[in-house]
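# Breakdown of the fold
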Amino acid sequence: MAVYTEVSDEALRTFLADYALGELLAFRGIAEGVENSNYALKTEAGDFILTLYEKRVDPAELPYFLGLMDHLAGRGLACPTPVAGRDGAALRSLAGRPAAIVTFLPGVWPRRVRPEHCAPLGRALAELHVAGDGFAMARPNALGPAGWAPLLDGCRARGDEVQPGLVAELDAALAGILAAWPRKGALHRGQIHADLFPDNVFFLPGADARPRVSGLIDFYFACTDLLAYDVAVCLNAWCFEPDYAFNVTKARALVSAYDAVRPLSPAERTALPVLCRGAALRFLLTRLYDWTHTPPGALVTRKDPLEYLRKLRFFGQAGSAAAIGA
Ligand SMILES: Nc1ncnc2c1ncn2[C@@H]1O[C@H](COP(=O)(O)OP(=O)(O)OP(=O)(O)O)[C@@H](O)[C@H]1O
Ligand SMILES: N[C@@H](CCO)C(=O)O
């Protein structure tokens, strides 16, 4: 569940009085998501999402996230648009937490990814990268290569409880990835989503009944980093079957649709295998950290780290970019 902070009727009415959204018509907590408290809000002005930012979000970073969504939506990307209060500020406070209202996006995220989802996803990712151009703020990727060794150190004591030998395997993988990582300036940088998993991409059927992307959400890992790394995140999150087999048809659809909007440079294409290994390690490490640090009974849903060990091993032996659909 993801309603950590309860909002009383009275607090909500006082909060909404600072917006020009008309009367409140409906309000309910949303169970999905693990990071923040989310509410669906309906007023005379339409449908919105109210988010109360919880402990894992640094309030100092919220102007970047909200500013980026505003910039991308202004460039026509289907992402939530922050709604400003009467005083022009979108970032406010409610029930003792930083809070913001964003526009509601219609659509449903795919519970089971089909090949037909992958081309629209690739196109939407490239559109995000193109639309991010010109956004003036920057945010370093806290979960990028420099963050992996400290994360692994945090898992050292209990990592092998998840699988014997895991920590040594990850030490070796990390060393290999860092040695092969693209040097500074070699690949294009920009604003990336960095967590574009299926539960963050909404689809609706298009006129031809094929899925089309209706919205991208959850920009709270967004940062300024290698654009091709975002492609690597998507190859990890979208292109494996439930039995962990890599589906190269999905990968080709994703990469070629991306490439049609924002052509990958030869250097980006060549780097994709190591970027995929890095992305697999990133999700493995954050999952392993949560797995070994979350007390039983906590509200946070723990995700399986070993899913990403399999992906890391796959990308470690996959070899060329062609083998992973690029
Ligand atoms: N702009 C939006 N339009 C429609 N639904 C939304 C929107 N933003 C969030 N939601 C709904 O709220 C749910 C949780 O949102 P989100 O994934 O951002 O939560 P979170 O707690 O920050 O995330 P996570 O745990 O995935 O990092 C989504 O699955 C979706 O159902
Ligand atoms: N997408 C991440 C969770 C953080 O949003 C994962 O699956 O590990």
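The residue numbering used here restarts from 1 in each chain and proceeds along that chain's sequence as written. To read the labels, note that chains go from A and ligands from 1, taken in the order they are written. For this predicted model, a pLDDT threshold of at least 70 governs which residues receive local features, and a threshold of 80 or more governs which side-chain atom pairs are given and counted, while totals over whole chains, interfaces and linings are taken from all residues. Only hydrogens and water are set aside; all other atoms, that is, all heavy atoms of the structure, feed into the side-chain values.

It is worth spelling out the packing of aromatic side chains at this point. Centre distance within 6.5 Å is the pairing criterion for rings of Phe, Tyr and Trp, where only the six-membered ring of Trp is used; planes under 30 degrees apart are then read as stacked, over 60 as edge-to-face, and the remainder as tilted. Scanning the model with the defined rule gives 18 aromatic pairs in all. Taking the centre distance of 6.2 Å and the plane angle of 65 degrees together, the rings of Trp181 and Tyr229 count as edge-to-face. One end of the pair, Trp181, is in the loop between α6 (166–180) and β7 (189–192); the other, Tyr229, is in helix α7 (residues 227–238), with 48 residues separating them in the sequence. A ring pair is formed by Phe197 and Tyr308, whose centres lie 6.3 Å apart and whose planes are at 40 degrees; its orientation type is tilted. You can see Phe197 sitting in the loop between β7 and β8 (201–205) and its partner Tyr308 sitting in helix α10 (residues 305–318), a full 111 residues away along the chain. Under the scheme applied here, a residue whose accessible area is under 20% of the maximum for its type counts as buried, over 50% as exposed, and between as partly exposed, the area being computed with a 1.4 Å probe on protein chains only. Phe197 gets classed as buried once you look at its relative accessible area, which sits at 11%. Through a chain of ring-to-ring contacts, three or more aromatic side chains come together here, namely Tyr53, Tyr64, Phe65, Phe135 and Tyr220. Any Lys NZ or Arg CZ found within 6 Å of a ring centre and within 35 degrees of that ring's normal is scored as a charge over the ring. Sitting over the ring of Trp109, Arg111 keeps its end group 3.8 Å from the ring centre. The residue whose ring lies beneath Arg302 is Trp291, and the NZ or CZ to ring-centre distance is 4.4 Å. Secondary structure is summarised from DSSP: a helix means a run of H or I of at least four residues, a strand means a run of E of at least two, and numbering begins at the N terminus for each.

So, on to the domain arrangement of the chain. Throughout, the edges of the domains are those of an automatic or database domain assignment. When cut into domains, the chain gives domain 1 (9–103) and domain 2 (115–324). For domain 1 versus domain 2, the distance between C-alpha centres works out to 27 Å. It only takes one pair of heavy atoms within 4.5 Å for two residues to be counted as in contact. Taken residue by residue, the interface counts 20 residues in domain 1 and 25 residues in domain 2. When two parts are brought into contact, each loses some accessible area as probed by a 1.4 Å sphere; the total of that loss over both is the buried area. Summing both sides of the interface, domain 1 and domain 2 together bury roughly 1900 Å²; the carbon and sulfur share of this comes to 69%. The three residues of domain 1 that bury the most area against domain 2 are Tyr64, Phe65 and Leu77, which together make up 31% of that side's buried surface. Whenever Lys or Arg places a side-chain nitrogen within 4 Å of a carboxyl oxygen from Asp or Glu, that contact is recorded as a salt bridge. Taken together, domain 1 and domain 2 are joined by 2 salt bridges.

The next thing to look at is the pattern of salt bridges. Under the counting rule described, the total for this entry stands at 19 salt bridges. Residue Arg114 pairs with Glu116 through a salt bridge whose shortest N-O separation is 2.6 Å. Glu116 sits in the partly exposed class, given a relative accessible area of 25%. In this structure, the salt-bridge partner of Arg158 is Glu161, at a minimum N-O distance of 2.8 Å. Classification of Arg158 as partly exposed rests on a relative accessible area of 41%. Judged by its relative accessible area of 56%, Glu161 is exposed. Residues joined by salt bridges that share partners form a network here, namely Asp18, Asp87 and Arg92.

Turning next to the site of ligand 2. We call a residue near a molecule or strand when any one of its heavy atoms sits within 4 Å of it. Close to ligand 2 lie Asp195, Phe197, Phe221, Phe283, Arg287 and Lys303, which account for all nearby residues. Under the rule applied, a polar contact is a pair of N or O atoms within 3.5 Å (in protein, one hydrogen donor and one hydrogen acceptor; residues adjacent in sequence only if both atoms are side-chain atoms). Between ligand 2 and the protein, one listed contact pairs an oxygen atom with a side-chain N or O atom of Asp195 at 2.6 Å. A distance of 2.7 Å separates an oxygen atom of ligand 2 from a polar atom in the side chain of Arg287. In isolation ligand 2 offers 260 Å² of accessible surface; the protein chains occlude 85% of this area. For the shell around ligand 2, a count of residues per class yields 3 nonpolar, no polar and 3 charged. Residue exposure ignores everything except the shown protein chains as possible cover, and the areas themselves are Shrake-Rupley values with a 1.4 Å probe. Charged means Asp, Glu, Lys or Arg here, nonpolar means Ala, Val, Leu, Ile, Met, Phe, Trp, Tyr, Cys or Pro, and polar covers whatever is left, Gly included.

What follows concerns α7. An α-helical turn contains 3.6 residues, so any two residues separated by three or four positions project in the same direction. Under the convention used throughout, the expected extent of a helix is 1.5 Å for every residue step, that is, one less than its residue count. A rise of 1.5 Å per residue sets the reference length of α7, with its 12 residues, at 16 Å; its end C-alpha atoms lie 17 Å apart and thus fit the reference within 8%. Across the 12 residues that make up α7, a large majority, 12, are buried. Those residues of α7 that fall on the buried side of the exposure criterion are Leu227, Ala228, Tyr229, Asp230, Val231, Ala232, Val233, Cys234, Leu235, Asn236, Ala237 and Trp238.

Here we take up the packing of α6 against α10. Here an axis means a line fitted to C-alpha atoms, over the contact stretch when the element is a helix, while the angle between two N-to-C directions is reported on a 0 to 180 degree scale. Packing of α6 against α10 brings their axes to within 12 Å, and their N-to-C directions diverge by 45 degrees. The pairing of α6 with α10 is recorded here as oblique in orientation. Both α6 and α10 take part in a crossing whose hand is left-handed. Along its contact with α6, which presents Leu166, Glu169, Leu170, Ala173 and Ile177, the element α10 presents Leu306, Leu309, Leu312 and Arg313. Partitioned by chemical class, the residues of the contact of α6 with α10 number 7 nonpolar, no polar and 2 charged. Angle categories are assigned with fixed cut-offs, so that under 35 degrees is roughly parallel, over 145 is roughly antiparallel, 65 to 115 is roughly perpendicular, and the rest are oblique. Two helices crossing with the near one rotated counterclockwise from the far one by less than a right angle form a left-handed crossing, whereas a clockwise rotation gives a right-handed crossing.

Moving on, we get to unusual backbone geometry. A negative phi angle characterises most non-glycine residues, just as the trans form characterises most peptide bonds. With a phi close to 50 degrees, Ala95 is a non-glycine residue in the positive phi region. Assignment of secondary structure puts Ala95 in the loop between β5 (92–94) and β6 (97–103). At Asp218, a position not held by glycine, the phi torsion is positive, near 60 degrees. Considering the arrangement of structural elements, one finds Asp218 in the loop between β9 (211–216) and β10 (223–226). Residue classification places Asp218 among the partly exposed positions, given a relative accessible area of 25%.

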